[in-house]
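If you want the building blocks of each chain, they are given just below.
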Amino acid sequence: MLAGNQLIGFGAGGGAYRANAVRFDGVNDYLTRGAGFTGGVDSNKIIGSVWLNFQGGDGSSQRVLITTGTTSAISRTTANKIFIDFENSAGALTFRVTTTTTFAVANGWQHLLFSADLSVPAATVWVNDAKDATAPTLVVDTMDFTRADWAVGGDTGGTNKLNAEIADLYVNFGAYLDFNTLANRRKFIDALGKPVDLGADGSRPTGTPPVVFLSKAAGSLAHSFAANKGSGGGFTVTGALTDGANSPSD
């Protein structure tokens, strides 16, 4: 179907694509790696992309991705903003930014897209295909991506759990794209503000698989989200993930 010369339901990846969401219940559900990421190395570059639809817990801290401790994370703050924070191996801050956009229940599906290259240093943050006017803290250094454990949907110990539907969590250590360039954003979000097919292993945006690509295939069990189609190895599920009632593709 055509609308304003745009193909509805067709993204840059080619063919109709539907992102399949899973639900983290905010009470029991979270994922742990139980180790570092396979092939993970410290780097001065990172790309992140995720679709989020919060279902409860406005005003509470909730984790999307976090390593051991309470830093080096992608989190939702008590002010309902997304907070991105990464440190070097000595625990010193290297990259930090907080969105101006609110991520709360009333906002429905939202897309977070960011990238940083600390060799410049430079960073770009976009929410729902609009530039998020933030002032990131950037230090010319590397980020510590070789931590002993990682978690999704809560801290590694199970606190600050995510109460949201989530789809296509992509985190690529060691890569950078300038999202001020439209063609780079279209690798993740189409002109209608819908998800794009990132490929079977998440390699379509950059040509190589990211360390983390959690994406549920159509018809698969919700727990398959934890298997990780990226290169870093699978997660263990605590709780019982369920299919999301909604999709960011709708």
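Relevant structure appears above.
First things first, this report covers the structure right here in the doc. Remember, it's a predicted structure, so these values are computed and weren't measured experimentally. (Residues numbered from 1 in each chain as written. Predicted model: local features only at pLDDT ≥ 70, side-chain atom pairs only at ≥ 80, totals over all residues. Heavy atoms only, no water.)

1. Description of the pattern of salt bridges
Counted according to the given criterion, the structure contains 11 salt bridges. The partner of R185 in a salt bridge is D129, and the shortest N-O contact between them spans 2.9 Å. With R185 in helix 1 (residues 182–185) and D129 in the loop between strand 11 (122–127) and strand 12 (130–131), the pair connects residues that are 56 residues apart, well separated along the chain. Given a relative accessible area of 8%, R185 falls into the buried group. By sharing partners, the salt bridges in this structure join E87, D144 and R147 into a single network. (Salt bridge = Lys/Arg side-chain N within 4 Å of Asp/Glu carboxyl O. Helix = DSSP H or I, 4+ residues; strand = E, 2+ residues; numbered from the N terminus. Buried < 20%, exposed > 50% of the residue type's maximum accessible area, 1.4 Å probe, protein only.)

2. Let's talk about the sheet that holds strand 8 (residues 81–87)
Taken together, 8 strands build an open sheet; the order of strands is 13-9-8-7-6-14-4-17 and the sheet is antiparallel. The open sheet has two free edges, formed respectively by strand 13 (137–138) and strand 17 (236–238), since each of these has just one partner strand. Where strand 6 (residues 62–67) meets strand 14 (residues 150–152), 3 bridges bridge the pair, whose relative direction is antiparallel. Among the inter-strand pairings, T67 is bridged to a residue of strand 14, identified as W150. (Pairing = 2+ DSSP bridges.)

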